[in-house]
Amino acid sequence: MQQTITVGLLGLGTVGSGVIEILRDHQEQIQHKTGCAVTIKSALVSDLSKPRDLHGEAIQLTDRYEDITRDADIDVIVEVMGGIDHTLPILLEAIENKKHIVTANKDLIAQHGAALYEASQQHQTDLYYEASVAGGIPIIRSIIDGLASDRITKMMGIVNGTTNYIMTKMAQDGVDFDTVLKEAQDLGFAEADPTADVDGLDAARKMAILSILGFSMPFQLDDVEVKGIRGVTQDDIRYAEELGYRIKLIGVAEHDEAGVAVSVEPCLLPVQHPLSSVNDEFNAVYVYGEAVGETMFYGPGAGKLPTATAVVSDLIAVVKNIRLGTTGTDQVQPQFPNQLKDKQEKLTKKYIRLQVLDEPGVLNEITQVFAGYGVSFDQVIQRSTDQPDQRELTLMTHLVSDQDIEQATNDLEGMRSVSAINSIYRVEGGN
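Cut-off values and rules
- Every residue gets a number counted from 1 within its own chain, in the order that chain's sequence is written.
- Local features are withheld for residues below a pLDDT of 70 in this predicted model, meaning they are given only at 70 or higher, and side-chain atom pairs are given and counted only at 80 or more; totals for whole chains, interfaces and linings count all residues.
- Derived side-chain values reflect all non-hydrogen atoms in the structure, with water molecules and hydrogen atoms excluded from consideration.
- Centres within 6.5 Å are what make two rings of Phe, Tyr or Trp a pair, Trp counting through its six-membered ring; a difference in plane orientation under 30 degrees is then read as stacked, over 60 as edge-to-face, and the rest as tilted.
- Per the convention used, a helix needs a DSSP run of H or I reaching at least four residues, while a strand needs a run of E reaching at least two, with both numbered from the N terminus.
- We call a residue buried when its accessible area falls under 20% of the maximum for its residue type, exposed when it is over 50%, and partly exposed in between, using a 1.4 Å probe and counting protein chains only.
- A positively charged side chain is recorded as over a ring if its NZ (Lys) or CZ (Arg) lies within 6 Å of the ring centre. The angle to the ring normal must also be within 35 degrees.
- One less than the number of residues in a helix, times 1.5 Å, gives the span that helix is expected to have.
- Should any heavy atoms of two residues lie within 4.5 Å, those residues are considered in contact.
- Should DSSP find at least two bridges between two strands, the strands are taken to pair.
- Every axis in this analysis is a line fitted to C-alpha atoms, fitted for helices over the stretch in contact. Angles between the N-to-C directions lie between 0 and 180 degrees.
- Look down the strands so they point away from you; if the path from the first strand over the helix to the second goes clockwise, the crossover is right-handed.
- Among buried residues, the Ala, Val, Leu, Ile, Met, Phe, Trp, Tyr and Cys ones that are joined through side-chain atoms within 4.5 Å form a nonpolar core.
- The salt bridge definition used is simple: a Lys or Arg side-chain nitrogen within 4 Å of an Asp or Glu carboxyl oxygen.

Undergrad: Is there a simple way to think about the packing of aromatic side chains in this case?
TA: The geometry of an aromatic ring pair comes down to the distance between the two centres and the angle between the two planes. This model, assessed by the stated rule, comprises 4 aromatic pairs. Seen in terms of ring centroids, F282 and Y298 are 5.4 Å apart; in terms of plane orientation they differ by 10°. Their pairing is stacked. Pair noted here: F282 is in strand β11 (residues 282-289) and Y298 is in strand β12 (residues 293-300), with a separation of 16 residues, a long-range link. F282 gets classed as partly exposed once you look at its relative accessible area, which sits at 29%. Ring geometry for Y351 versus Y425: centroids 6.1 Å apart, planes at 5°, classification stacked. Note that Y351 is positioned in strand β13 (residues 347-357) and Y425 in strand β17 (residues 418-427), a separation of 74 residues in sequence. Considered together, Y351 and Y425 belong to a single accessibility category, that of buried residues. Over the ring of Y288 we find K154; its NZ or CZ atom is 5.5 Å from the centre of that ring.

Written out as structure tokens, the structure is:
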């Protein structure tokens, strides 16, 4: 007799509806792959009176999470309601009741993944979260399984569709940040409160998750250096293009003999780099392995069906584990302690844009400040401004430490000849 796996759904918004739709439309395929029927018994909603599209499925709706976490008939709980403080105790109770967990909640995994993992190990349940990073791109499964035999040295990518949409439109249409943000909100690509996206916090959570998995080390969200895109201007975009670069919000996680550095920040990428061509709401992640070399994963980073596809793929993995009797054995504790680099060990190239007085000797004065900290330049470009007594300097450094740049720019802020430090951005690649 064929076994049936019963699912409880926490949340019935866009992604939850997509999960129901995929399970209905792909049921025959899922049964063939797993040897099981998969059905949703009940779903948690906040408002029972609100009309719901259940795609013809007989799903019980409840506004009490206990009806799902304590239901003996439910094998797997799919959490797509989001949130942290109210969601964590619900999932911990579900795990205590021997429920396997599939979640798309990046915020929860980034901040409390260790607690959920510990509980799932204690109760021999599965915890899967593919949809928490890059939507429909199977990046987590690729790192855990596909690249399990390799040693990952770097992960770099566009992992937030909202900011990538904004940066794409700013570059293509020549409009400023505020204008594009309003357009993105009107189209539903950006939230009414876009802080988590445009300030880089959403991408930082995803990079923390990828770093834990890729480097087998414990990471906290505070370990990620974060800088958003609010300060990127049309001048920066235009000057970058003139230099052969495009600006994208990039998450970077690097591991070498000096340790690990994880950051999210606007970066200048060479126009020929594949990530430079990733536009609009799409995501892409570059993974560098010692053996495999460079690999790139590209696809929709969000959306109803792409995200639901990742959720259901995790659900299928849980079902297979149940059938094999191997639940609670997939995850492995981090192998190494956290080895964060200090500022002197973080070496990158930098793009620096300054506004300075148009006086003899100013350029020499500024370069001498940088030289005092061992900073040298690949390119120095001077431009006139609409103010007759002002010039604009664009500087491209060679490799330099974060500490030396910080100290040099601190010195510049106290100089009479430096009117403003307009921009400092990371440069990836190039000559």
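From this point, the narrative continues.
Undergrad: Please clarify how helix α11 (residues 234-242) should be interpreted in this entry.
TA: Taken as a whole, α11 has its buried residues at D236, I237, Y239 and A240. Note on α11: the residue one or two positions beyond its end, G244, has a positive phi of about 90°.

Undergrad: Would you mind going over helix α1 (residues 14-25) with me for this structure?
TA: Here α1 is 12 residues long and its end C-alpha atoms lie 17 Å apart, about the 16 Å a rise of 1.5 Å per residue gives. Buried residues dominate α1, accounting for 9 of its 12 residues. Every buried residue belonging to α1 is among V15, G16, S17, G18, V19, I20, E21, I22 and L23, and all of these are buried. Of the surrounding secondary structure, the elements contacted by the buried residues of α1 are β1 (3-10), α2 (27-34), β2 (36-44) and α12 (304-324).

Undergrad: Looking at this structure, how should I read the sheet that holds strand β4 (residues 76-79)?
TA: Two strands in a sheet stick together by hydrogen bonds in their backbones, pointing the same way (parallel) or opposite ways (antiparallel). What the 6 strands build is an open sheet, ordered β3-β2-β1-β4-β5-β6; its pairing is parallel. In this open sheet, the two strands that pair with only one neighbour each are β3 (60-62) and β6 (127-128). With 4 bridges joining them, β4 and strand β5 (residues 100-103) adopt parallel strand pairing. Across the sheet, residue E79 finds its bridge partner in β5, namely T103. Across the sheet, α1 touches β1 and β2, and the angle it forms with β2 is around 155°.

Undergrad: What am I meant to see in the pairing of β5 here?
TA: Within a regular beta strand, the side chains point alternately toward one face of the sheet and then the other, so they alternate between its two faces. Side chains of β5 alternate between two faces, with H100 and V102 and I101 and T103 buried alike. The sheet contact formed by β5 and β6 spans 2 bridges and is parallel. Among the inter-strand pairings, V102 is bridged to a residue of β6, identified as Y128. A crossover links β5 with its parallel partner β6, the connecting element being helix α5 (residues 106-122), and its sense is right-handed.

Undergrad: What should I look at first to understand the nonpolar core in this one?
TA: Within soluble globular proteins, side chains that are nonpolar generally end up buried alongside one another. I139, I166 and L268 are the most contacted members of the largest nonpolar core, which totals 70 residues. Tallying contributions element by element places helix α10 (residues 201-215) first for this core, with 7 residues. Apart from the residues lying within four places of it in its own chain, the contact partners of L268 are A240, Y245, R246, I247, Y351, M396, Y425, R426, V427 and E428. In terms of nonpolar packing, the next biggest core, distinct from the first, is built from 33 residues, A43, V78, A308 and V319 among them.

Undergrad: Can you help me understand the pattern of salt bridges in this one?
TA: Note that side chains of opposite charge can pair when their charged atoms are close. Across all of its chains, the model carries 30 salt bridges by this definition. For E93, the salt bridge identified is with R70, shortest N-O distance 2.8 Å. Residue E93 is located in helix α4 (residues 87-96), and its partner R70 is located in the loop between α3 (66-69) and β4; the two are separated by 23 residues in the primary sequence. A relative accessible area of 15% places E93 in the buried class. Here R70 falls in the exposed class, since its relative accessible area comes to 53%. A salt bridge links R426 to E428; the nearest nitrogen and oxygen atoms lie 2.8 Å apart. With respect to burial, R426 and E428 carry one shared label: buried. One salt-bridge network, in which partners are shared between bridges, spans K154, E254, E265, R426 and E428.

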